[in-house]
Amino acid sequence: MALVKIQPSLSSPSMSQTNCSLPFRCGNFAAGYPFWGGDRPSGCGHPDLQLYCGCDSISEFFNYGYRGDYCSTDWPTMVINAVVYSILNIDEKAQILRISRVDYLDGICLPLYPNSTIKSTLLDYDPGYELLTLSYNCQGYASSPAGHFSCSENNTYSGYDNVSIAEGLAPTLEGCESFTTVPVSRSLHSTMIGNLSVLEEAIREGFQMKWTVSGIACEECKSNGSCGYNPLFNQTFCYCPNGQFSTSCSSSGSFLNKRRIIFIGNMLIRQL
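Values in this document were obtained by computation on a predicted structure and should not be read as measured data.

Participant: Pulling in residues and values, what's your account of the overall build of the protein chain?
Facilitator: Summing up its helical and strand segments, the protein chain has five helices and 17 strands in all. Every one of the 272 residues in the protein chain was classed for burial, and the buried ones make up 46%. In the protein chain, once contacts between residues fewer than 6 apart in sequence are set aside, the share between residues at least 24 apart is 61%. Approximately 13,900 Å² of the protein chain is accessible, and the part contributed by carbon and sulfur atoms is 51%.

Below, the structure is given as structure tokens:
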């Protein structure tokens, strides 16, 4: 007969009610669930919503070693589809995140992430913003661009001579070296297309996205526990003071613990 040792919990020591009560902090900025990073362990937030303080720990995402002035050690950042974004604001109650591409904070002629756009199942664009496609060094036009600007001749980082602006996702230009898409406020549409300074300011102001990770379970948890995320069950759960985790610390019994026992049992049956 084979003896099988059953662990009392699937949680690790780093994932606890005490640790998950700590917010992510960077300068004067603080954020809780569903984000993690810094002193806030990975089990306290969704795996794809990690936050960073500054850029030292994510230097691999910067081409040419150029990072501008936006990477001070007290400025929060995050990475989405290998593109670094500066975090301007997080409204946890409304589940709205406002971010801006770090490479466009110094202007639109130095894109560090060519051929990029946001594709995420966790984040939805705010309807108050529309997408623009920025195409670089294009040879021709399938249709007239909404805007066209020359870049500085002493651009030593990207080498682009010009950038053309088109509305929407699909590029309408031909023979372009690269392109990016960026959301901008609909309220500024009529003034920014033909004005480079207005366009760059609109991009620097960032755009809003709403995260789709459920916050209802987290609100129910906060009175007696700390919110976390269980990738095994792909859902929000609650770390309780007694060391257990469930959908709510005040509920009788533990939904997640019951599922955990079933899961362990199934795994043991497969091993036997």
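Participant: Tell me about the pairing of strand β16 (residues 235-239), residues and numbers included.
Facilitator: Consecutive side chains of a regular strand alternate in pointing toward one face of the sheet and then the other. The element β16 is extensively covered by neighbouring structure, given that five of its five residues are classed as buried. The two faces of β16 match: Q235, F237 and Y239 on one face and T236 and C238 on the other face are all buried. As judged from the five bridges shared by strand β15 (residues 226-230) and β16, these two strands associate in the antiparallel manner. Its bridge partner lying in β16, S226 is registered against Y239. Counted between consecutive antiparallel strands, the loop separating β15 from β16 contains four residues, among which N234 sits at a positive phi close to 55°.

Participant: Give me the lowdown on the pattern of salt bridges, citing residues and values where you can.
Facilitator: Evaluation of the coordinates by the stated rule reveals three salt bridges. For R101, the salt bridge goes to D103, with nearest N and O atoms at 2.7 Å. Like R101, the residue D103 is buried in the burial classification. In this structure, E130 and R186 form a salt bridge, with 4.0 Å as the shortest nitrogen-oxygen distance. Here R186 lies in the loop between β13 (178-185) and α2 (189-192) and E130 lies in strand β8 (residues 129-136), a separation of 56 residues in the sequence.

Participant: Kindly report on the side chain of S185, identifying the contributing residues and their values.
Facilitator: Structurally, S185 is set in strand β13. A distance of 2.7 Å separates a polar atom in the side chain of S185 from a polar atom in the side chain of S187. Sequence-distant contacts of S185, that is, excluding residues within four places in its chain, are made with G128, Y129 and M192.

Participant: So what's going on with the sheet that holds β13? Which residues, and what values?
Facilitator: Overall, antiparallel pairing links the four strands, which are arranged β10-β11-β8-β13 in an open sheet. The open sheet is flanked by β10 (147-150) and β13, the only strands paired with a single partner. On average, each strand axis in the sheet is tilted by 25° relative to the strand beside it, whichever way the strands run. Pairing of β8 with β13 involves eight bridges; the strand directions are antiparallel. Along β13, the bridge assignment pairs E130 with V184.

Participant: Let's hear about the state of the cysteines: which residues, and what values?
Facilitator: One pass over the structure, following the stated rule, counts four disulfides. Covalent S-S linkage joins C138 and C176, the inter-sulfur distance amounting to 2.0 Å. Across the S-S bond linking C138 and C176, the dihedral sits near 105°, which makes this disulfide right-handed. With C138 in the loop between β8 and β9 (140-141) and C176 in the loop between β12 (173-174) and β13, this residue pair connects regions lying 38 residues apart in the sequence. Given the relative accessible area of 10%, C138 is considered buried.

Participant: With reference to specific residues and values, describe the sheet that holds strand β3 (residues 51-53).
Facilitator: Strand pairing in a sheet is mediated by backbone hydrogen bonds. Such pairs are either parallel or antiparallel. The strand order β3-β4-β5-β6-β14-β7 describes an open sheet built from six strands, whose pairing is antiparallel. Strands with a single pairing partner mark the edges of an open sheet, and in this sheet they are β3 and β7 (123-125). When strand polarity is set aside, the average angle formed by the axes of neighbouring strands in this sheet is 45°. Across four bridges, the pairing between strand β4 (residues 76-80) and strand β5 (residues 83-91) is antiparallel. Residue pairing for β5: I80 is matched across the bridge by V83.

Participant: Mind laying out the packing of aromatic side chains, listing which residues take part and the relevant values?
Facilitator: For the structure shown, the criterion picks out six aromatic pairs. Aromatic pair Y85 and F207: ring centres 6.2 Å apart, planes at 85°, arrangement edge-to-face. Of this pair, Y85 sits in strand β5 while F207 sits in strand β14 (residues 207-211), and the two are 122 residues apart along the sequence. This pair shows no difference in class: Y85 is buried, exactly as F207 is. Both rings, one in F237 and one in Y239, keep their centres 4.8 Å apart while their planes meet at 75°; by these two values the pair is edge-to-face. Both residues of the pair, F237 and Y239, count as buried. Among the aromatic residues, ring-to-ring pairing joins Y85, Y125 and F207 into one connected group. Positioned over the ring face of Y104 is R101, at 4.6 Å from the centre of the ring.

Rules used throughout
Residues numbered from 1 in each chain as written. Predicted model: local features only at pLDDT ≥ 70, side-chain atom pairs only at ≥ 80, totals over all residues. Heavy atoms only, no water. Helix = DSSP H or I, 4+ residues; strand = E, 2+ residues; numbered from the N terminus. Buried < 20%, exposed > 50% of the residue type's maximum accessible area, 1.4 Å probe, protein only. Contact = heavy atoms within 4.5 Å. Areas by Shrake-Rupley, 256 points an atom, 1.4 Å probe, with all protein chains shown as cover. Pairing = 2+ DSSP bridges. Salt bridge = Lys/Arg side-chain N within 4 Å of Asp/Glu carboxyl O. Polar contact = N/O pair within 3.5 Å; in protein donor to acceptor, adjacent residues only side chain to side chain. Axes fitted to C-alpha atoms, helices over the stretch in contact; angles between N-to-C directions. Disulfide = S-S within 2.5 Å. Phe/Tyr/Trp six-rings, centres within 6.5 Å; stacked < 30°, edge-to-face > 60°. Lys NZ or Arg CZ within 6 Å of the ring centre and 35° of its normal.

Just geometry here; none of it tells us what the structure is for.
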